[in-house]
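Each chain, letter by letter, is given below.
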Amino acid sequence: MVLDRLLDLAERAVKTALRMGAHQSQASSFILDAALTRYANSQIHQNVAFRSGGISIRVVLQDKRMGDIEAFTLEEEGAEKAVEDAIRIARASRPNPDFKGLPEPMPWGPLEGAFDEETSLCTPHDRVQMVREAIETAHARSPLVRAVAGNLSTNSAYFAVVNSLGVSARASLTTAGMKTTVISELEGSEGFSTAESYSRRVGDIDPAQLADEAAERSVKGVKPVRAQLGDYEVVLSPLAVRALFTYISSMGFSASSYQDGSSFVRYFTGQRVFDEKLNVKDDAFDPRTLYMLPIDGEGVPKSRMKLIASGEALLDGICYDSLRAGRENKKSTGHSPPPIGRRLLDRPVPYNVVVDPGDSNLDEMIEETKYGLFITDLWYIRPVEPTRVVLTGLTRDGTFLIEDGELSKPVLNLRFTDSMLSALSEIPLLGEEVKTFETNAVPAMKLKKIRFVGVSAY
Amino acid sequence: MSQDFASFILDEASRRGASYTDVRIVSIENEVLNIRNGSPEQVELQGLRGFGVRVIVNGSWGFAASVDLNRDEAVNVVKRAVDIARASSRLKKRDVILAWEDARRAEYSTPYKKDPFEVPIEEKLEVLMDAERSLAACSPLIKTSNSYYRGYRERKLFMSSEGSEISQTITWCGGGIMAVAVRGGEVQVRSYPSSFRGDYSTSGYEYFESLHLADHAEEVGMELVKLMDAERCPSGEMDLLLTGDQLALQIHESCGHPTELDRVMGTEADMAGTSFLTPDKLGRFMYGSKNVNLVADATVPGGLGTFGYDDEGVKAKRVHLVREGLFVGYQTSRETAAALDLKESSGGMRADSPLSLPIIRMTNINLLPGDWKAEEIIEDTRDGILMMTNRSWSIDDKRINFQFGTEVGWRIKDGSREALVKNPTYMGVTPRFWGSCDAVSGDDWRMWGTPSCGKGIPGQVMYVGHGCGTARFRRTRVGLI
């Protein structure tokens, strides 16, 4: 029903554009029903729901002048006005030689398991119940637990794409995510930890399990000491691996960064730059990824792409939309952001990244470490020298010294500044379980060496 | 129609048991133009109209919003907001209390001479094409050249059950240029007037014209080329001088965010983090040296964080955060101000769209001008580095340890610029860093505007400003890569 309405709106917009003189036209319409319950200090402080919706229109004139409009309207009148505006700005623009044509229609099919009815019907009262379970579980774990914070979201997204060359595609998706951060306190010293879970089905999320995990680590985290700066062997929980690969994949494998020269793939293709155990793909058909969508924002079917194979970063892993593909006379790989995400994402990036698992687990990784660090999460990662993948960032929500195979003491958050080409060149162990996050699914990982240059203390 | 629609919502919420309601009806126009390597990469208009309803029921907040502005949807949204608040109240520890605020009926617009939305797109594209062409022509090493323009207008009606009715229009625009040079595996970047798409001001099209992008293109391009052959930034401890375009972000990250009272009170613990500036430090903690005076000022003409009233109907004001180095104030909302027994809100609540819940956002966080001239600071420096134009930034979740990188640096020896250095970076610990600030300039003080401050869940992107000139920080760790 919702998808029929969106498809109809997009079809009408494309027809209107052609009638007004467009040579080619594309319209993508969307509805997002979003709900979020946020808690802190062991009570709810923010509880919201909103319906967003709109239509994105691209018109192209005969001489390749283009105009784009993003209008948050679902009314036919509003869509018609948006088409008029798109034509107006296209006429004011200049020809774009990178434009080689809108995508041609290609076969695609809906993906099983992308939409979950229960998630789409989740009520504020359901969410409050889950939050209550998390808060009560964390406090029951220890009297040292001072406060529980976090968020629980459920979203239903629908979009349709139509273009004047015959593309007509639509998709729907539900997502649910929960993050619980627990703050413990002993004699004025705080310990933090966090746990997260994402799924297309809210029923898969276990609030008590998340709270338990975060509470246990936060209690252990009180009275952190200052660790020496320098190189450490590190055991990264899946949360920390998620943070690293979010940057590596979007910096390295976006056509935007490849074309402006900042992607490391441009300079190291054909070489084994990472440990040969490292295999990474972008695959929207893998059920372990959250955003299981069969098509992209231009209606192009998603491709299965290998990004890193046996430690080698692959040129074939660069992700394109049609305009950036046209710049290199290539075809889109199906990575134009869907209309729902365009406000936050304006370039093609892989968002179904899966890092292949190994056969280890966190306990074994810690046991096999004589002297190192266990890192729950990494925070505020930024590229310092993108072509050498030099990143800086900090540990967060639970960092522990490992001595003789055991977590010996909590340490203050540390800043790393290092090249990931070096840090990921030796990965002694990979976890056997792949955890799903928003744009990637990754296992735990042990790295032989990463360089820490600063500490968060004064 | 808007006032009637808002009144209808207020009545409906009251009928359904809300003890407090506010409604924002907002329309946003956003024009984004980008020329890349001679072609229009982005010629885009965005339009958003919708409404958001915030209620207190049983002492708890609820919020719902929609893009469908009709009475049926208004009833649905109110029902949803009230239902959400009731659900939240099942897990409350205490009732929401709001600091007192007078009910106001007011109108406000940021002033401008030339309406950015009345200037033809053709004219703007001509300026951008011209600037980009000049930039690209500087050297074959320049592989990517960009010029940017953005014009933004937000019209808001705020009405509350306390009797406020405020209409305001915020208009801002600006732009910039940026080039990327590549040689082998090395990439350098240079921008003007600031990185990440330029600089913005609550002004009209006259502000974009005043940037004279094409006139600066050659200087930017030639410095970029020189940067490729420059020495790398040395490593060690030395005096660090920051120009305004970098200092603005330093203020943003290490003073702006940690003085947001929602962070301090733990409500961002799951995302942005908390803050080292805990309430026990208010009025007691030396945040910086005596040269450091920081204010949150939503009233500065042209500031990107300038407005008439915040999204709780609080009149724009100027509050001290740091006075002569002493930490003296927070950025607050009505709720957080009341929780800390403060007399009134600092007027910092803003939402980035009608669909978003207002949260505490920076207005213009300004380092007040000092007595120095920028050149005098350089002349007074025996051994140091001058860094300008941000390239990377990272700071921990309590806003203590930071590391920044800039596009370009100058080695300062015996009071003069000795040589250009590339890949400059520096690291510090917030109170120690600001404690080492021994010189602040006044002659090059100006407002800088960034339209991309991220915060909150779901993520919101807000426009904020920072006023500053050049400042010196003694014995800072530089050259981390």
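Since the model is a prediction, treat every value here as computed from it, not as a measurement.

**A look at the overall build of chain A**
Working step 1: Along its length, chain A carries 11 helices and 19 strands.
Working step 2: Relative to the 2.2 N^0.38 estimate, which gives 23 Å for 458 residues, the radius of gyration of chain A is 24 Å and therefore close to what a compact globule would have.
Working step 3: Summarising its shape, the C-alpha atoms of chain A cover approximately 70 × 55 × 40 Å along the three principal directions.
Working step 4: The 458 residues of chain A split such that 65% are buried.
Working step 5: Positive and negative charge centroids in chain A, built from 53 and 63 side chains respectively, lie 6 Å apart.

**Some details on the pattern of salt bridges**
Working step 1: Scanning the model with the defined rule gives 76 salt bridges over all chains in all.
Working step 2: Two residues, A:K179 and A:E196, come together in a salt bridge whose shortest N-O distance is 3.8 Å. Taken together, the positions of A:K179 in strand β5 (residues 168-186) and A:E196 in strand β6 (residues 189-199) put the pair 17 residues apart, joining distant regions of the chain. Just as A:K179 is buried, A:E196 falls in that class too.
Working step 3: Taking the shortest distance from any N to any O, the salt bridge between B:E162 and B:R334 comes out at 2.9 Å.

**Remarks on the domain arrangement of chain A**
All names here are of chain A.
Working step 1: Along its sequence, chain A is carved into domain 1 (2-218) and domain 2 (224-458).
Working step 2: With centres defined by C-alpha atoms, the gap from domain 1 to domain 2 works out at 23 Å.
Working step 3: Counting from both sides, the interface comprises 44 residues of domain 1 and, opposite them, 39 residues of domain 2.
Working step 4: Interface area for domain 1 against domain 2, summed over the two sides, is near 3,400 Å², with a carbon-plus-sulfur share of 65%.
Working step 5: Seen at the junction of domain 1 and domain 2, the total is 2 salt bridges.
Working step 6: With a shortest N-O distance of 3.0 Å, R242 and E196 are connected by a salt bridge.
Working step 7: Across the contact surface, domain 1 and domain 2 share 9 residue pairs in polar contact (both at pLDDT 80 or more).

**Quick notes on helix α1 (residues 2-19) of chain A**
Residue and element names in this part refer to chain A.
Working step 1: Given a rise of 1.5 Å per residue, 18 residues ought to cover 26 Å, and the 26 Å separating the end C-alpha atoms of α1 matches this to within 8%.
Working step 2: Of all the positions in α1, only L3, L6, L7, L9, A10, A13, V14, T16 and A17 are classed as buried.
Working step 3: Summarising the contacts, the buried residues of α1 are in contact with β1 (24-40), β2 (43-60), α2 (76-92), β4 (145-163) and β5.
Working step 4: Count one or two residues on from α1 and you reach G21, which has phi positive near 115°.

**Observations regarding the nonpolar core**
Working step 1: Ranked by internal contacts, the top residues of the largest apolar core, which has 88 residues, are B:L247, B:I251, B:Y287, B:L367, B:Y426 and B:W434.
Working step 2: Take this core: its biggest share by element is 5 residues, from helix α6 (residues 244-256) of chain B.
Working step 3: In contact with B:L367, other than residues within four places in its own chain, are B:L247, B:I251, B:V292, B:N293, B:L294, B:W434, B:V440, B:W445, B:G467 and B:C468.
Working step 4: Ranked by size, the runner-up nonpolar core spans 57 residues in total, among them A:A92, B:A131, B:L213 and B:M228.

**A short note on the packing of aromatic side chains**
One pair of aromatic rings is described through two measures. These are the centre distance and the angle between the planes.
Working step 1: If you walk through the whole model with that rule in mind, you get 32 aromatic pairs over all chains.
Working step 2: Seen from their ring centres, A:Y198 and A:F437 are 6.2 Å apart, and the 65° between their planes marks the pair as edge-to-face. Taken as a pair, A:Y198 in strand β6 and A:F437 in the loop between β17 (435-436) and β18 (440-442) lie far apart in primary sequence, 239 residues in all. By the burial criterion, A:Y198 is buried, and A:F437 matches it.
Working step 3: Here B:W172 and B:Y200 contribute two aromatic rings whose centre-to-centre distance is 5.6 Å and whose plane-to-plane angle is 80°, an arrangement assigned as edge-to-face. With a gap of 28 residues between them, B:W172 in strand β6 (residues 165-183) and B:Y200 in strand β8 (residues 199-201) connect regions that are remote in the sequence. Residue B:W172 shares its accessibility class with B:Y200, and that shared class is buried.
Working step 4: Here the aromatic residues B:Y287, B:F402, B:F404, B:Y426, B:F433, B:W434 and B:F473 are joined through ring pairs into a cluster of three or more.

Rules and cut-offs
- Residues numbered from 1 in each chain as written.
- Chains lettered and ligands numbered in written order.
- Predicted model: local features only at pLDDT ≥ 70, side-chain atom pairs only at ≥ 80, totals over all residues.
- Heavy atoms only, no water.
- Helix = DSSP H or I, 4+ residues; strand = E, 2+ residues; numbered from the N terminus.
- Rg over C-alpha atoms; globule rule 2.2 N^0.38 Å.
- Buried < 20%, exposed > 50% of the residue type's maximum accessible area, 1.4 Å probe, protein only.
- Lys, Arg positive; Asp, Glu negative; His and termini not counted.
- Charge placed at Lys NZ, Arg CZ, Asp CG, Glu CD.
- Salt bridge = Lys/Arg side-chain N within 4 Å of Asp/Glu carboxyl O.
- Domains from an automatic or database assignment.
- Contact = heavy atoms within 4.5 Å.
- Buried area = accessible area lost by both parts, 1.4 Å probe.
- Polar contact = N/O pair within 3.5 Å; in protein donor to acceptor, adjacent residues only side chain to side chain.
- Expected span 1.5 Å × (residues − 1).
- Core = buried A, V, L, I, M, F, W, Y, C linked by side-chain atoms within 4.5 Å.
- Phe/Tyr/Trp six-rings, centres within 6.5 Å; stacked < 30°, edge-to-face > 60°.

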